[in-house]
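Here's the letter readout for the chains.
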Amino acid sequence: MSNYSIHKDAPLLEVKNLETAFDIDGEFYNAVDKVSFAVKPRQIVGVVGESGCGKSVMSLSVMQLLPKGVGKIRGGEIIFEGVHLEKMSEKEMNKIRGRDISMIFQEPMTSMNPVFTIGFQLQEVLFNHTKISKAEARQKSVALLKSVGISRPEKIVDEYPHQLSGGMRQRVMIAMAIANQPKLLIADEPTTALDVTVQAQILDLLKSIQEVNDMSVIMITHDLGVVAEMCDEVIVMYAGRIVERADVDTLFYNPKHPYTELMMGAIPKMDEEKEELSSIKGIVPSLKNMPATGCRFANRCPKAMPECTSITPQLGEVEQGHEVACILYEASMPKEGVKA
């Protein structure tokens, strides 16, 4: 990536009109549909939405880790430091993964190989991208484990994943992800399987590492508390599309899209007494049953109008830096010649 000579304020990552599809019964259906966003240097961007909204598929598209033969990118661009990742061969991507872009996966137990020690797996990450001796790799592995808050790293380095708690395994995954000081870290639900106390520790650790290493982070989550704690900017996804994008304060204090409003309303508040928690009725449509036209949230939306099933809203700026895809706002109305 040394040929990158674009202006220093240019995005580190640009995703333009990304379409990622999966094969279902011999036909491909878009799980990510015309998604565009950018990540600036040192920025933390949150991606939120229910399960099935396309968050993880979008991240796997960036990493070029879609299951072969089942998933494919069939449109759009993924540009990292001026280079098109979607055009790269597997060999070229292997030079970037783990060095320039790293990812922390949802479940650390299934992301690590159970038959190899922690140290062996950490050292493999180092060997893939640096010329380093075995002794140096072991020494650096111990230092990495120490940097992510693991006590007795000299002993842990020789243990196996099943011997560690969930929180410790997640710390090891973070150590592996930052081993080569990547410029972009993608964290896919990094605290889902952890208890609340450990979640807070992991988030503090990620924030600290991001600041020390000047990394950019894409934080994928369904937890709005994580977003409030970590993120600079937030992307709200629904049924494969972005429905709202804003800085974190704007999104929390002035949400515009009905889906975002309902998500915010579902957060329990300390100063309110309720007999039951608020919820969003209905479910995300399946890939095979995705509406061909109109707003994909229309059948669950309390503000839906008849036009919502026929007019496909476009992501448009309703205030400076605040974009929404909803026909309640003029900026979201399709322009002449724009296809749904």
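What counts and how
- Residues numbered from 1 in each chain as written.
- Predicted model: local features only at pLDDT ≥ 70, side-chain atom pairs only at ≥ 80, totals over all residues.
- Heavy atoms only, no water.
- UniProt positions renumbered as here; feature names shortened; annotations may be inferred.
- Helix = DSSP H or I, 4+ residues; strand = E, 2+ residues; numbered from the N terminus.
- Buried < 20%, exposed > 50% of the residue type's maximum accessible area, 1.4 Å probe, protein only.
- Contact = heavy atoms within 4.5 Å.
- Pairing = 2+ DSSP bridges.
- Axes fitted to C-alpha atoms, helices over the stretch in contact; angles between N-to-C directions.
- Phe/Tyr/Trp six-rings, centres within 6.5 Å; stacked < 30°, edge-to-face > 60°.
- Lys NZ or Arg CZ within 6 Å of the ring centre and 35° of its normal.
- 1 Å grid on protein atoms, 1.4 Å probe; cavity = no way out; pocket = protein on both sides within 12 Å on 5 of 7 lines; lining within 4 Å.
- Points joined across faces, edges and corners; volume = space filled by probe spheres on them.
- Parallel < 35°, antiparallel > 145°, perpendicular 65-115°, else oblique.
- Left-handed = near helix turned anticlockwise from the far one by under 90°.
- Nonpolar A, V, L, I, M, F, W, Y, C, P; charged D, E, K, R; others polar.
- Salt bridge = Lys/Arg side-chain N within 4 Å of Asp/Glu carboxyl O.
- Core = buried A, V, L, I, M, F, W, Y, C linked by side-chain atoms within 4.5 Å.
- Right-handed = clockwise from strand over helix to strand, strands pointing away.

An unreviewed UniProt entry lists the protein under the name Oligopeptide transport ATP-binding protein OppD, with Mesobacillus selenatarsenatis as the source organism. One UniProt comment on the protein, placed under Subcellular location (unreviewed entry), says "Cell membrane". According to UniProt, the comment filed for the protein under the heading Sequence similarities (unreviewed entry) is "Belongs to the ABC transporter superfamily."

Caption draft 1: Main features of the environment of F22. Along the chain, F22 turns up in strand 1 (residues 13–24). Judged by relative accessible area, which is 15%, F22 ranks as buried. Taking the C-alpha atoms as reference points, F22 and G69, separated by 47 residues in sequence, lie 8.7 Å from one another. Not counting residues within four places of it along the chain, the set of residues in contact with F22 comprises E27, F28, Y29, A31, V57, L66, P67, V70, G71 and L287.

Caption draft 2: Structural detail: the sheet that holds strand 9 (residues 233–238). Spatially, 6-7-8-3-9-10-12-11 is the arrangement adopted by the eight strands of the open sheet, whose pairing is mixed. With partners counted over all chains shown, the strands left at the sheet margins are strand 6 (101–104) and strand 11 (316–319), one partner each. Taken pair by pair, the neighbouring strands of this sheet meet at an average axis angle of 20°, ignoring direction. Strand contacts of helix 8 (residues 196–213): strand 3 (44–48), strand 6, strand 7 (184–188) and strand 8 (216–221), with the helix running at about 160° to strand 8, the strand carrying the most contacts. Strands strand 3, strand 9 and strand 10 (241–247) of the sheet are contacted by helix 11 (residues 258–265), whose axis makes an angle of about 105° with strand 9.

Caption draft 3: The packing of aromatic side chains, seen in detail. Evaluation of the coordinates by the stated rule reveals four aromatic pairs. Put simply, the rings of Y238, Y259 and F297 touch in pairs and so form one group of aromatic residues. Over the ring of F28 we find K72, and its NZ or CZ is 4.2 Å from the ring centre.

Caption draft 4: Region of the structure containing empty space enclosed by the protein. One pass over the full model with this rule turns up one cavity of 30 Å³ or more. In this structure, the largest cavity encloses a volume near 90 Å³. Lining the largest cavity are 15 residues, and of these P258, C295, C301, C308 and C326 lie nearest its centre.

Caption draft 5: Structural view of the environment of K256. Structurally, K256 is set in the loop between helix 10 (248–253) and helix 11. Expressed as a C-alpha distance, the spacing of K256 and S286, which sit 30 residues apart in the sequence, is 25 Å.

Caption draft 6: Inspection of the sheet that holds strand 4 (residues 71–80) at higher detail. Here we have four strands laid out as an open sheet, ordered 2-1-4-5, and antiparallel in their pairing. Whereas interior strands pair on both sides, the edge strands pair on one side only; in this sheet they are strand 2 (27–39) and strand 5 (83–84). The sheet contact formed by strand 1 and strand 4 spans eight bridges and is antiparallel. Looking across to strand 4, one finds that V15 is bridged to I78. Relative to strand 1, helix 1 (residues 55–63) is tilted by about 110°, and along the sheet it contacts strand 1, strand 2 and strand 4.

Caption draft 7: Representation of the packing of helix 4 (residues 118–129) against helix 7 (residues 166–178) within the structure. The interhelical angle for the contact between helix 4 and helix 7, taken along N-to-C directions, is 20°, at an axis separation of 9 Å. One element, helix 4, and the other, helix 7, form an angle in the roughly parallel class. For the pair helix 4 and helix 7, the crossing hand works out as right-handed. Here I118, Q121, L122 and V125 of helix 4 lie close against helix 7, whose contacting residues are V172, A175 and M176. Its residues assigned to classes, the contact of helix 4 with helix 7 shows six nonpolar, one polar and no charged.

Caption draft 8: Expanded view of the pattern of salt bridges. One pass over the structure, following the stated rule, counts 14 salt bridges. The shortest N-O distance in the salt bridge between E90 and K68 comes to 4.0 Å. Of this pair, E90 sits in helix 2 (residues 90–96) while K68 sits in the loop between helix 1 and strand 4; the two residues are 22 residues apart in sequence, bridging distant segments of the chain. A residue is classified by how much of its surface remains accessible, and E90, at 39% relative accessible area, is partly exposed. With relative accessibility at 71%, the residue K68 sits in the exposed group. Residue K256 pairs with E319 through a salt bridge whose shortest N-O separation is 3.5 Å. Residue K256 is located in the loop between helix 10 and helix 11, and its partner E319 is located in strand 11; the two are separated by 63 residues in the primary sequence. Relative accessible area serves as the criterion here: at 15%, K256 is assigned to the buried category. By relative accessible area, E319 is classed as partly exposed at 33%. Each of D33, K34, R241 and R296 takes part in a single network of salt bridges with overlapping partners.

Caption draft 9: Molecular detail of the nonpolar core. Counting 96 residues, the largest nonpolar core has L13 and F37 as the members making the most contacts within it. When residues of this core are assigned to their parent elements, the largest contribution, seven residues, is made by helix 7. Those residues in contact with F37 that lie beyond four places of it in its chain are L13, E14, V15, M58, I218, I235, I242 and R245.

Caption draft 10: Structural detail: the pairing of strand 7. Counting buried positions along strand 7 yields five of five residues, so the element is predominantly enclosed. Neither face of strand 7 is exposed, since L184, I186 and D188 on one face and L185 and A187 on the opposite face are all buried. Pairing of strand 6 with strand 7, which is carried by four bridges, proceeds in the parallel orientation. Within the sheet, the bridge partner assigned to I101 lies in strand 7 and is L184. Relative to strand 8, strand 7 runs parallel, the two being bridged by five bridges. Of the residues in strand 8, the one forming a bridge with I186 is I218. Following the chain from strand 7 across helix 8 to the adjacent parallel strand 8, one finds a crossover that is right-handed.

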